[in-house]
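What follows is each chain in one-letter form.
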Amino acid sequence: MSVRHSLLALLSEGPKYGFQLRQEFEASTGDVWPLNVGQVYTTLDRLERDGLAESDDIDADERQRNFRITQNGVEELARWLRMPPDLTQPPRDELVIKILVASRLPDVDVYDVIQVHRRYLVQLMQQWTRLKEDEVRFDLAFALAVDAELFRLDAVVRWLDAADGRLRRSRQESTTDITEEVTRIRRRTGAHR
Amino acid sequence: MSMLELRNVSKVYGEGATEVDALRNIDLEVDRGSLVAIMGPSGSGKSTLLTIAGSLELPTTGDVMIDGSNVVGMSRNDKARLRRRTIGYVFQDFNLLAGLTAVENVSLPLELDGVPMKKARAQGMSALDELGLSHRAERFPDELSGGERQRVAIARAVVGERSLLLADEPSGALDSVNGEAVMRMILSACHRGVAALVVTHDAKLASWADRVVFLRDGKAVDETLSPPGPEELLDHDATNPPAS
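Undergrad: Lay out the overall build of chain A in plain terms, naming residues and giving numbers.
TA: Within chain A, the secondary structure is distributed over seven helices and three strands. In chain A, the succession of α and β elements from N to C terminus is α-β-α-α-β-β-α-α-α-α. Rg of the C-alpha trace for chain A: 27 Å, well past the compact-globule value of 16 Å for 193 residues, more than 25% over. When the 193 residues of chain A are sorted by exposure, 36% land in the buried category. Counting contacts in chain A only where the partners sit at least 6 residues apart, residues at least 24 apart contribute 54% of the total. Total accessible area on chain A stands at roughly 12300 Å², and carbon and sulfur atoms take up 53% of it.

Below, the structure is given as structure tokens:
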């Protein structure tokens, strides 16, 4: 979540004070991403340093300063909105690592490990879905943020399902391979059951 | 008392070498007003469980109690009456009759049950109205969008005094926004006291349920515990507990 660019986006609507930016940031993300006021002022200092935002009352207390976006800020915001995030490198996903490790350990039931995580994720999805039921608070920004979280968790559940299926198939095939190999050896050596 | 109760239900297809255990010792209760989801991969027994819960098929062993009556041992006529009066079905491919309008599709089960045509139609209209479809009542299924057809199917499933709703991948063919609308309708039926059982492989759908039961190779292997309230997600001082 780029706080820097989100604040620029809010400033592109018109000049604002720090506390106002914090409130509007939290509202625009449906309160899903909290932001402390210190982060807001640090980010505003950096935006000002980089020439992306400015304020007339430089000597005033930071809480009293009214910030506005500069032309460079407008251009930076437009560039950022259209620039795809870097998704080329897969993240170091702890859950993927756990399942890979579990699949190699002979004394661990990998399907049980998968189910523990599947259940936890579905429970988490139930919690997010409950938020959708409360339609009073369900404004557009909140709906988009909750959907994003549900789709992210859903993708993890789907990966677990795929891993479960792939592991079962691969174990079945290796069992079949061993049985066929034993039959071949028996035939070759003339051994009987 | 539960609206639906499966007691130690097993279902075996075939004999000898071709014998397949489709369901094994399933115990399941669905209370009035609650939504239970069954999740599992293809071939896990989800659809068999639903057809047995709906009395469309009998278990090999075990009991199926619907509104306190055991379906096992019930006469064919009694089962048919129970299905008409108590149970509503929603299928992935809607199963609407092409030659009937939306309202005729919805009121047909009532008419079959002996409700006079005028009264059945009024109840059908009211069910469609609740789902925001009264303006499409005179349209035929092929004149409706996928989302509208599924809403008609839900209206047909909950029309009259039906108190058990059984749904098989009810939003499988719909996009996520329409799929969510379908789950909201099922949930709203539950808030009116209907008991609902939904089978799906989709976690987004299952997450609307009060309880999710995981099926694997015909066995209920696990189920969700009651999750904490949603407010915890927005309480950023609280940490999410690890899986146990």
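Undergrad: Run through the interface of chain A and chain B, naming residues and quoting values.
TA: Every contact between the two is made by 33 residues of chain A and, on the other side, 35 residues of chain B. Where chain A abuts chain B, roughly 2900 Å² becomes buried across the two surfaces, and 58% of that area is made up of carbon and sulfur atoms. Those elements that provide at least two residues to the side of chain A that touches chain B are helix 6 (110-133) and helix 7 (140-189) of chain A. Broken down by element, the residue count for the side of chain A that touches chain B peaks at 17 residues, all from helix 6 of chain A. Its residues assigned to classes, the side of chain A that touches chain B shows 14 nonpolar, five polar and 14 charged.

Undergrad: Quick one: what's the story with helix 2 (residues 18-28) of chain A, residue by residue and with numbers?
TA: Of all the positions in helix 2 of chain A, only Gly18(A), Leu21(A), Phe25(A) and Glu26(A) are classed as buried. What you see down the axis of helix 2 of chain A is that its buried residues fit within an arc of 125°, all on one side.

Undergrad: So what about the domain arrangement of chain A? Which residues, and what values?
TA: Residues and elements named next belong to chain A. Assigned domains of chain A: these are domain 1 (3-82) and domain 2 (94-189). Each of domain 1 and domain 2 was reduced to a C-alpha centroid, and the two centroids are 41 Å apart. Residue-level contacts link six residues of domain 1 with four residues of domain 2. When the two sides are added together, the surface that domain 1 and domain 2 hide from each other amounts to roughly 370 Å², 72% of it contributed by carbon and sulfur. The interface formed by domain 1 and domain 2 contains zero salt bridges. Viewed at the interface, domain 2 and domain 1 are joined by zero residue pairs in polar contact (both at pLDDT 80 or more).

Undergrad: I'd like a rundown of unusual backbone geometry, residues and numbers included.
TA: Residues and elements named next belong to chain B. Phi is positive for Asp67, close to 50°, though the residue is something other than glycine. Mapped onto the secondary structure, Asp67 falls in the loop between strand 4 (61-66) and strand 5 (69-70). Exposure remark for Asp67: the relative accessible area of 31% places this residue in the partly exposed category. Backbone geometry places Asp217, a non-glycine residue, at a positive phi of 50°. Along the chain, Asp217 falls in the loop between strand 9 (211-216) and strand 10 (219-223).

Undergrad: Explain the packing of aromatic side chains residue by residue, including any values.
TA: Here a ring pair, both rings aromatic, is described through the centre-centre distance and the interplanar angle of the planes. Taken as a whole and assessed by the stated rule, the structure comprises two aromatic pairs over all chains. Look at Tyr17(A) and Phe19(A): their rings are 6.2 Å apart centre to centre, the planes differ by 15°, and that puts the pair in the stacked class. When its relative accessible area of 31% is taken as the criterion, Tyr17(A) is described as partly exposed. A relative accessible area of 46% means that Phe19(A) is categorised as partly exposed. Each ring, one from Tyr89(B) and one from Phe91(B), has its centre 6.1 Å from the other, and the planes form 10°; the classification is stacked. Looking at Phe91(B), the relative accessible area reads 28%, which means it is partly exposed. Taking NZ or CZ as reference, Arg168(A) lies 4.0 Å from the ring centre of Tyr111(A), over its face.

Undergrad: Which residues make up the environment of Gly132(B), and what values do they have?
TA: Mapping Gly132(B) onto the fold places it in the loop between helix 4 (117-130) and helix 5 (146-158). Each C-alpha atom of the pair Gly132(B) and Glu148(B) lies 9.4 Å from the other, and the pair is 16 residues apart in sequence.

Undergrad: Explain the sheet that holds strand 5 of chain B to me, and be specific about the residues and the numbers.
TA: Residues and elements named next belong to chain B. Strand order in the open sheet made by the four strands is 2-1-4-5, with antiparallel pairing throughout. Looking at the sheet topology across the chains shown, the edges are occupied by strand 2 (20-30) and strand 5. Taken together, the five bridges between strand 1 (residues 4-13) and strand 4 define a ladder with antiparallel strand orientation. Bridge assignment links Leu6 to a residue of strand 4, and that residue is Val64. Along the sheet, helix 1 (residues 46-53) makes contact with strand 1, strand 2 and strand 4, crossing strand 1 at roughly 125°.

Criteria and thresholds
- Residues numbered from 1 in each chain as written.
- Chains lettered and ligands numbered in written order.
- Predicted model: local features only at pLDDT ≥ 70, side-chain atom pairs only at ≥ 80, totals over all residues.
- Heavy atoms only, no water.
- Helix = DSSP H or I, 4+ residues; strand = E, 2+ residues; numbered from the N terminus.
- Rg over C-alpha atoms; globule rule 2.2 N^0.38 Å.
- Buried < 20%, exposed > 50% of the residue type's maximum accessible area, 1.4 Å probe, protein only.
- Contact = heavy atoms within 4.5 Å.
- Areas by Shrake-Rupley, 256 points an atom, 1.4 Å probe, with all protein chains shown as cover.
- Buried area = accessible area lost by both parts, 1.4 Å probe.
- Nonpolar A, V, L, I, M, F, W, Y, C, P; charged D, E, K, R; others polar.
- Arc of directions from axis to C-beta.
- Domains from an automatic or database assignment.
- Salt bridge = Lys/Arg side-chain N within 4 Å of Asp/Glu carboxyl O.
- Polar contact = N/O pair within 3.5 Å; in protein donor to acceptor, adjacent residues only side chain to side chain.
- Phe/Tyr/Trp six-rings, centres within 6.5 Å; stacked < 30°, edge-to-face > 60°.
- Lys NZ or Arg CZ within 6 Å of the ring centre and 35° of its normal.
- Pairing = 2+ DSSP bridges.
- Axes fitted to C-alpha atoms, helices over the stretch in contact; angles between N-to-C directions.

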